[in-house]
Amino acid sequence: DGGITQSPKYLFRKEGQNVTLSCEQNLNHDAMYWYRQDPGQGLRLIYYSQIVNDFQKGDIAEGYSVSREKKESFPLTVTSAQKNPTAFYLCASSIEGVKTEAFFGQGTRLTVV
Amino acid sequence: RKEVEQDPGPFNVPEGATVAFNCTYSNSASQSFFWYRQDCRKEPKLLMSVYSSGNEDGRFTAQLNRASQYISLLIRDSKLSDSATYLCVVNLDTGRRALTFGSGTRLQVQP
């Protein structure tokens, strides 16, 4: 079945640690996105990529980094510079274009301990 | 001002009721519009796209008013299973081709 897979589902991070969240898709989509959701809030865009080897900052990119070396993969690293990383992280992908919907993975819930 | 604004609710309605949600967006150059549904602690899923001519899918009707820059979602004959958060989503034509989400409106349908 085609879809987007995020792993892990739950992740615990100690203060000062970097962690990487995985996102893989087999939908052959060109565009991929990372969003962050805090309790009772909407989704905020962290980074997005419209093509391999290219990505752009979203609204809240500080403290995060990404790479897009393969079409299928768009990992997100939450660095120690991100002061409040506890949140629900959602990866999405879409066919390139303005009028297209996005499909989401099941999310990773990150908690700083 | 937020780019996409929604009333957070919650809207508490009895089964069988009709409920309407509105959403406003700030960028008049926005090109595409969607309603997503998000269940508690789950990922958002597309409910329906919104077209200028309006569109209907069963009990759900979506409307777009470009002149007033608002989008609406009407749910008729509410079911318990409609309880969720409904996210208004806009694709802004600012060179950034990524969906912008409202904060969501929570619906609770009660027996």
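Description of the structure in this document. Quick caveat: nothing in here was measured; it's all calculated off a predicted structure.

1. Thoughts on the pairing of strand E6 (residues 54–57) of chain A
Residue and element names in this part refer to chain A.
Working step 1: Here strand E5 (residues 43–51) pairs with E6 via three bridges, running antiparallel. Each bridged residue has a counterpart across the sheet, and for Tyr 47 the counterpart in E6 is Lys 57.
Working step 2: With antiparallel pairing between neighbouring strands as the criterion, E5 and E6 make up a hairpin whose turn holds two residues, including Asn 53 at a positive phi of roughly 65°.

2. Overview of the state of the cysteines
Working step 1: All told, the structure shown has two disulfides over all chains when counted by the stated rule.
Working step 2: Between Cys23(A) and Cys91(A) runs a disulfide, and the two sulfur atoms are separated by 1.9 Å. The disulfide joining Cys23(A) to Cys91(A) has a torsion of about -75° about its S-S bond and is therefore left-handed. In this pair, Cys23(A) is assigned in strand E3 (residues 19–25) and Cys91(A) in strand E9 (residues 87–94), connecting sequence segments 68 residues apart. Like Cys23(A), the residue Cys91(A) is buried in the burial classification.
Working step 3: The disulfide partner of Cys23(B) is Cys88(B), and the gap between their sulfur atoms is 1.9 Å. Between Cys23(B) and Cys88(B), the S-S torsion sits near -70°, and that sign places the bridge as left-handed. Separated by 65 residues along the polypeptide, Cys23(B) in strand E3 (residues 19–25) and Cys88(B) in strand E9 (residues 84–91) bring together distant segments of the chain. Side by side, Cys23(B) and Cys88(B) carry an identical accessibility label, which is buried.

Rules used in this analysis
- Residues numbered from 1 in each chain as written.
- Chains lettered and ligands numbered in written order.
- Predicted model: local features only at pLDDT ≥ 70, side-chain atom pairs only at ≥ 80, totals over all residues.
- Heavy atoms only, no water.
- Pairing = 2+ DSSP bridges.
- Helix = DSSP H or I, 4+ residues; strand = E, 2+ residues; numbered from the N terminus.
- Disulfide = S-S within 2.5 Å.
- Buried < 20%, exposed > 50% of the residue type's maximum accessible area, 1.4 Å probe, protein only.

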